[in-house]
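Residues per chain are reported as follows:
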Amino acid sequence: MITSLETFILHVPVTRDRIADSTHSITHWGMPGVKIMTDSEHVGYGFTGTHAHLASDRLITDCITNCYAELLIGEEVDEPRKLWEKMAYNPPLQWVGRAGITTMALAAVDIALWDLKSKYREEPLWKTLGGKEEKKLEAYNTDGGWLNFNQDMLIEDVKRLTLQDGYKSIKMKVGKPDSNEDIHRIEAVRKALGNDVRIMTDANGRWRLPDNLEILSCLKDFDVTWIEEPLWHDDVSGHSELAKSIQTPIALGEMLYSLAHFREFISSGGVRFVQPDATRLGGITEALDVCNLAQEHQLPVTPHAGDMAQTQIHMSIAHPSIELLEFIPWITHCFEEPLKIDSGIFSYPQMPGAGTTIRNEYMEMYGKKV
C-alpha cells in the first residue's frame, strides 16, 4: 500500500558544455521526479525529462505533491492502469490541463507505479509487461549530431559512434538558417559513413511549408531514413500535406501529450514512424496505448528518449512494434542499473523494476531544492 510520496529535481550536465538543435540550446537535462513509498518498504522511482529550468521543473513537482499524492495515498500498487485512470480522469485536473505540466507529472508518477509493480514481482519491468528474451533491440544514437557542432566536429562524432562504438543508426539535427548548409552537412555525413549506416534527421519543428519544401524534397537523395518533426508540432494538416509531397518518411510524437493527439496524426496520414515518449505522455500506461494504436495501423514505433531510454527500454522489449529505440547517454550513470549497449544493441536489464532507481550519490550531486 502507498504510504507517502516525495518529489525531487535533478539537473544533470550534458556530455558537452552545450548542445543545440534548431530551436533549443541546453547545458543540463532536467529530471523532475517522484519516489513513492509503501508499507512494504518498496520504493518506486519515476521521472520526466525537461530542459532543466528550475521554475518550470517545480511546477511539475508541485503538481505531483498537491494534485496526485492525495489520489494515491492508501492505494495498492498492483494495478498501475487503474491508478492512472483515477489520476488522468480526475475532473479538477482535466479542467486545468490535459497536456504539459499535468501529463508530465502524471508520467513521472505512472513510471514509479510500474517500477513498484515489477519490484513487488521481483522481475524487470519488461517481464512484467510480457516481454521475452528473444528480441534484438537496436539503439540509435543522437548525441553526435547536434546542430551547434561545426561540420568537422559532426563528422568526427558520427564516425566515432559508428566505427568505434558500433552503432548502425545515428541521428543528426537539421534546421540551419541557410538550408543549403543542412544539405551540405547531410551529404558530408552520408559520404563519411557510407551506405550501410542509417541516417535520421530531426528539424525540431523548425520548418514551414512551402518555404522549406525544396530541402525536404532533397532528403531522398541521401537515403535519409526519416525527417523528424519537420513542421510545427501541432500542425496536423501540414504534416499530412507534406507526407504526400515528399518521399522521405515523417517521424514525430515527442511533443504530443495524449493518445488522442497521436490518433489525429495517424488518421491524417501525417506520420510514418510513431515516436511516443513515456515521460511526456501519461507514462508507460499511455505510451503502451500509443504503441497499440500504431500497431493497428501497421506503423513502426521508435520511442523518443526523454528518459534517455532508461525506462522505455522495458516497453520497447515487450512491444512487437518497436525494434529501434533512441539513446542519449547524459543520465545513464545516475542509476543503480545503467543501460548497456554493445555494438548498437541494447542489453536486457536484469534488476527488478523499471530501471529508474537513482543512486544516492547522484541525488545529492545533481539535486535541486524542490
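Keep in mind that what you see is a predicted model, and the values were worked out from it rather than measured.

1. Concerning the side chain of Ser-316
For step 1, the next point in the chain: Inspection of the secondary structure assignment puts Ser-316 in helix α12 (residues 312-318).
For step 2, the next point in the chain: Separated by 2.7 Å, the side chain of Ser-316 and the backbone oxygen of Gln-312 make a polar contact.
For step 3, the next point in the chain: Leave out the neighbours within four places in its chain, and Ser-316 touches Lys-135, Leu-137, Pro-303, Ile-322 and Leu-325.

2. Remarks on a negative patch on the surface
For step 1, the next point in the chain: The grouping of Asp-39, Glu-76, Asp-78 and Glu-79 at the surface amounts to a negative patch.
For step 2, the next point in the chain: With respect to the helices, strands and loops of the structure, Asp-39 is situated in the loop between β4 (28-38) and β5 (43-47).
For step 3, the next point in the chain: Using a relative accessible area of 51% as the deciding quantity, one classes Asp-39 as exposed.

3. Some details on the nonpolar core
For step 1, the next point in the chain: One finds Ile-170, Val-189, Ile-227, Val-274, Ile-284 and Phe-346 to be the most contacted residues of the largest nonpolar core, which totals 65 residues.
For step 2, the next point in the chain: For this core, the element with the most residues is helix α11 (residues 283-296), which contributes 7 residues.
For step 3, the next point in the chain: In this view, Phe-346 contacts Leu-137, Glu-138, Ala-139, Ala-309, Ile-313, Leu-325, Phe-327, Leu-339, Lys-340 and Ile-341; residues no more than four positions away in its chain are not counted.
For step 4, the next point in the chain: Membership of the second largest hydrophobic core comes to 24 residues, among which are Ile-60, Ala-105, Val-109 and Leu-116.

4. Describing the pairing of strand β7 (residues 169-173)
The side chains of a regular strand alternate, residue by residue, between the two faces of the sheet.
For step 1, the next point in the chain: Most of β7 is tucked away, with 5 of its 5 residues classed as buried.
For step 2, the next point in the chain: Burial along β7 is two-sided: Ser-169, Lys-171 and Lys-173 and Ile-170 and Met-172, pointing in opposite directions, are all buried.
For step 3, the next point in the chain: Where β7 and strand β8 (residues 198-202) come together, 5 bridges link them in parallel fashion. Across the sheet, the residue bridging to Lys-173 is Asp-202, located in β8.
For step 4, the next point in the chain: The parallel pair β7 and β8 is bridged by helix α7 (residues 179-193), and the resulting crossover is right-handed.

5. Some details on the environment of Thr-279
For step 1, the next point in the chain: The residue Thr-279 is located in the loop between β11 (273-274) and α11 in this model.
For step 2, the next point in the chain: Between the alpha carbons of Thr-279 and Lys-127 there is a distance of 20 Å; along the sequence they are 152 residues apart.
For step 3, the next point in the chain: Contact partners of Thr-279, with chain neighbours within four places excluded, come to Phe-47, Thr-48, Gly-49, Met-104, Ala-107, Ile-111, Gly-306 and Asp-307.
For step 4, the next point in the chain: Here Asp-277 takes part through its side chain, which lies 2.7 Å from a polar atom of the side chain of Thr-279.

Conventions we followed
- Residues numbered from 1 in each chain as written.
- Predicted model: local features only at pLDDT ≥ 70, side-chain atom pairs only at ≥ 80, totals over all residues.
- Heavy atoms only, no water.
- Helix = DSSP H or I, 4+ residues; strand = E, 2+ residues; numbered from the N terminus.
- Polar contact = N/O pair within 3.5 Å; in protein donor to acceptor, adjacent residues only side chain to side chain.
- Contact = heavy atoms within 4.5 Å.
- Patch = residues over 30% accessible without salt bridge, like charges linked within 9 Å, V, L, I, M, F, W, Y side chains within 5 Å.
- Areas by Shrake-Rupley, 256 points an atom, 1.4 Å probe, with all protein chains shown as cover.
- Salt bridge = Lys/Arg side-chain N within 4 Å of Asp/Glu carboxyl O.
- Lys, Arg positive; Asp, Glu negative; His and termini not counted.
- Charge placed at Lys NZ, Arg CZ, Asp CG, Glu CD.
- Buried < 20%, exposed > 50% of the residue type's maximum accessible area, 1.4 Å probe, protein only.
- Core = buried A, V, L, I, M, F, W, Y, C linked by side-chain atoms within 4.5 Å.
- Pairing = 2+ DSSP bridges.
- Right-handed = clockwise from strand over helix to strand, strands pointing away.

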